[in-house]
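What follows is each chain in one-letter form.
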Amino acid sequence: MYVRDVGALARKDLLLELRARDTLPAMLLFVVATFVVFHFALPSGSSDLAASGLLWVAIVFTALLGIGRAFVPEREQRVLDGLVLAPCDRSAIWLGKGIATLAFLAAAEVVALPVFALFFHGLTAATVAAVVLADLGICAVGTFLGAMAVATRARDLLLPLLFLPLAIPIVIGGVGASIVASPGRYLAFLALYDAVFALICWASFEYVVTE
Amino acid sequence: MSPGTAQLTPVAPRSRISLPALAAASLVLVTLALVLVFFVAPNDADQGFSQRIFYFHVSIAITAYACFGLGAWKALLHLWKRDPRADLESYVAVHQGVIFGSLVLITGSIWAKISWGHWWLWSEDQLVLFLVLFLFYAAYFMLRYSVDPGPQRANFSAVYALFGVVLIPVSFMAIRLAKQAIHPVVFTRHGPNFGGWILVTYCVAQVAMLVLAYTLYRIELAGKRVDARVRELKEVLA
């Protein structure tokens, strides 16, 4: 039952994106433009390590762009009121939206990672694994905070402020996994982050959409 | 008595220790801690006189954690038991935590300048952690003041305060992963590696800071409650 609710909610967002194409093209353009900016921000002769770090900056900010858009249809069409009234568990709203956001971010990265490899340097398997693990954490926490931010007066302004302090551990884990020889500890840390924050988001989402 | 009086929130504090007694206790304890730190505790063999800032730096850091912990506990009480007073108490505790957290950054920065010659060291775990927490809890205030007072604001604040206590250990692990330690480790698995007057001074300073933080918490809470009460009375009269 729960799985079907989540599936229906995620499908709704994917369908909406397929028809309107609001978010994904913007994320793609943004991430490629960011790489070009980074190329000129790095003085020639900079090490590959610096570029590895910037990959994570690009991922976090691209994710922010997608998350900022995630709850806009819910707000504009007042869909959220209907969803809260629907006879399903409220955490399904978070999970469905999180899965849709994850799909957008993954789609953007399918293009962005090869472009990064083309512009800067090749990617290790550990980096790709870290990106996958980081995506889970980014979407879990980001979707949750996006639902809060959209209900405030500051809206778009607030989301990066709420999200970036929570994203610092993800960046540390991701950069660590990309640059060290044995990335096991960093990948394990990212997995732990995902598990802990997914659990707390899942348990407390109800309080974000109800009073 | 007007019919509106029944809706007013109670001002009466539920704690048993009176505020003047607390204020007097913190005055005595902080004075005692100052005397011990500057006149009784011996000079450190390596760092000399400047090491005395440790007694404040560490005890303030622990106090800040205690404030954030109290804020999260009250947030949990709000979400779980729907305690009507918990929202304000959680906010005030987080506010005190941010004040003490800023003091950790300042004292840590001074200590780093004297010991290592730099105002800021990315290699120092606690300083970096408090910077992350400072950013996180500054966003807490942005969030709180971006929502109109009411149940939704209370819920948002409570949920975000709970994220904070989860973020503390997670960030700590992350920062440990990110670097090698050059921060002097005072507490080891074999217990504190100091004794005598140093231990006594540290304990007194720690208790003094905790009592001071609790006193400030109670004062701010009392002020905020009176403020809310006055506003409600004005609405009843209007």
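Above this text sits the structure in question.
Given the structure is predicted, the values throughout are model-derived calculations rather than measurements. (Residues numbered from 1 in each chain as written. Chains lettered and ligands numbered in written order. Predicted model: local features only at pLDDT ≥ 70, side-chain atom pairs only at ≥ 80, totals over all residues. Heavy atoms only, no water.)

**Concerning the overall build of chain B**
Within chain B, the regular secondary structure consists of 6 helices and 2 strands. The linear arrangement of helices and strands in chain B, starting from the amino end, is α-α-α-α-α-β-β-α. In chain B, once contacts between residues fewer than 6 apart in sequence are set aside, the share between residues at least 24 apart is 77%. Put simply, chain B shows about 11,900 Å² of open surface, and 70% of that area lies on carbon and sulfur atoms. (Helix = DSSP H or I, 4+ residues; strand = E, 2+ residues; numbered from the N terminus. Contact = heavy atoms within 4.5 Å. Areas by Shrake-Rupley, 256 points an atom, 1.4 Å probe, with all protein chains shown as cover.)

**What to know about the interface of chain A and chain B**
Taken together, the contact between chain A and chain B spans 30 residues of the former and 29 residues of the latter. Buried area between chain A and chain B, both sides added, is near 2,700 Å², and the carbon and sulfur share of it is 78%. The three residues of chain A that bury the most area against chain B are Arg153(A), Tyr207(A) and Glu211(A), which together make up 21% of that side's buried surface. Counting every contact that joins chain A to chain B gives 1 salt bridge. Asp148(B) serves as the salt-bridge partner of Arg153(A), at 2.5 Å between the closest nitrogen and oxygen. Summed over the shared surface of chain A and chain B, the result is 9 residue pairs in polar contact (both at pLDDT 80 or more). Those elements that place two or more of their residues in the side of chain A that touches chain B are α7 (125-149), α8 (158-179) and α9 (184-209) of chain A. (Buried area = accessible area lost by both parts, 1.4 Å probe. Salt bridge = Lys/Arg side-chain N within 4 Å of Asp/Glu carboxyl O. Polar contact = N/O pair within 3.5 Å; in protein donor to acceptor, adjacent residues only side chain to side chain.)

**Observations concerning the nonpolar core**
With 130 residues, the main nonpolar core has Phe144(A), Leu145(A), Leu166(A), Phe197(A), Tyr160(B) and Phe163(B) as its most contacted residues. Per-element accounting of this core gives the leading share, 14 residues, to helix α5 (residues 151-178) of chain B. Aside from chain neighbours lying at most four places away, what touches Phe144(A) is Trp94(A), Cys201(A), Ser204(A), Phe205(A), Val208(A), Val159(B) and Phe163(B). (Core = buried A, V, L, I, M, F, W, Y, C linked by side-chain atoms within 4.5 Å. Buried < 20%, exposed > 50% of the residue type's maximum accessible area, 1.4 Å probe, protein only.)

**Overview of the packing of helix α3 (residues 48-70) of chain A against α7(A)**
Residues and elements named next belong to chain A. Two numbers describe how α3 lies on α7: the axes approach to 10 Å, and their chain directions differ by 35°. As for how α3 packs across α7, the hand of that crossing is right-handed. Only Thr127, Ala130, Val131, Ala134, Asp135, Ile138, Gly142, Thr143 and Gly146 of α7 make contact with α3, whose side of the interface consists of Leu55, Trp56, Ile59, Ala63 and Ile67. Here the residues of the contact of α3 with α7 sort into 9 nonpolar, 4 polar and 1 charged. (Axes fitted to C-alpha atoms, helices over the stretch in contact; angles between N-to-C directions. Left-handed = near helix turned anticlockwise from the far one by under 90°. Nonpolar A, V, L, I, M, F, W, Y, C, P; charged D, E, K, R; others polar.)

**A look at a nonpolar patch on the surface**
Residues and elements named next belong to chain B. A surface patch of nonpolar side chains, amounting to about 780 Å² of accessible area, comprises Leu34, Val35, Phe38, Phe39, Val40, Phe49, Trp197 and Val200. Breaking the nonpolar patch down by element, the ones donating at least two residues are α1 (19-40) and α6 (197-237). Looking at the nonpolar patch element by element, the count peaks at 5 residues for α1. (Patch = residues over 30% accessible without salt bridge, like charges linked within 9 Å, V, L, I, M, F, W, Y side chains within 5 Å.)

**Some words on the side chain of Arg52(B)**
Residue and element names in this part refer to chain B. Along the chain, arginine 52 turns up in the loop between α1 and α2 (53-81). According to the relative accessible area criterion, arginine 52 is buried, its value standing at 9%. In terms of polar contacts, arginine 52 uses its side chain to reach the backbone carbonyl oxygen of alanine 41, at 3.0 Å. In contact with arginine 52, not counting residues within four places along its chain, are Val37, Phe38, Phe39, Ala41, Pro42 and Asn43.

**Here we look at the environment of Ala100(A)**
All names here are of chain A. Tracing the backbone through its elements, the reader meets alanine 100 in helix α6 (residues 91-119). By relative accessible area, alanine 100 is classed as buried at 1%. As a C-alpha pair, alanine 100 and glycine 7 span 93 residues in sequence and 9.7 Å in three-dimensional space. The residues touching alanine 100, leaving out its near neighbours within four places in the chain, are Ala10, Asp13 and Leu14.

**A word on the environment of Ser109(B)**
Residues and elements named next belong to chain B. Along the chain, serine 109 turns up in helix α3 (residues 86-116). A residue is classified by how much of its surface remains accessible, and serine 109, at 15% relative accessible area, is buried. Sequence separation between serine 109 and leucine 121 is 12 residues; the distance between their C-alpha atoms is 8.2 Å. Once residues within four sequence positions are removed from consideration, serine 109 is found in contact with His118, Trp119 and Leu127.

**Remarks on the packing of aromatic side chains**
One pass over the full model with this rule turns up 21 aromatic pairs over all chains. Judged by centre distance (4.6 Å) and plane angle (35°), the rings of Tyr193(A) and Phe197(A) are tilted. Note that Tyr193(A) and Phe197(A) are positioned in helix α9 at a spacing of 4 residues, about one turn of the helix. Overall, Tyr193(A) belongs to the buried group, its relative accessible area being 1%. A relative accessible area of 0% places Phe197(A) in the buried class. Both rings, one in Tyr140(B) and one in Phe141(B), keep their centres 5.5 Å apart while their planes meet at 90°; by these two values the pair is edge-to-face. Using a relative accessible area of 1% as the deciding quantity, one classes Tyr140(B) as buried. Given a relative accessible area of 16%, Phe141(B) falls into the buried group. (Phe/Tyr/Trp six-rings, centres within 6.5 Å; stacked < 30°, edge-to-face > 60°.)

**Concerning the packing of helix α2 (residues 24-41) of chain A against α6(A)**
Residues and elements named next belong to chain A. Running from N to C, α2 and α6 cross one another at 25°; their axes reach a closest spacing of 9 Å. Judged by the inter-axis angle, α2 sits roughly parallel to α6. The two elements α2 and α6 cross, and the hand of that crossing is right-handed. Contact residues: Leu24, Met27, Leu28, Val31, Phe35 and Val36 in α2; Phe104, Leu105, Ala107, Ala108, Val111, Ala112, Val115, Phe116 and Phe119 in α6. Considering only residue class, the contact of α2 with α6 consists of 15 nonpolar, no polar and no charged. (Parallel < 35°, antiparallel > 145°, perpendicular 65-115°, else oblique.)

Purely spatial values, then, with no claim about function.
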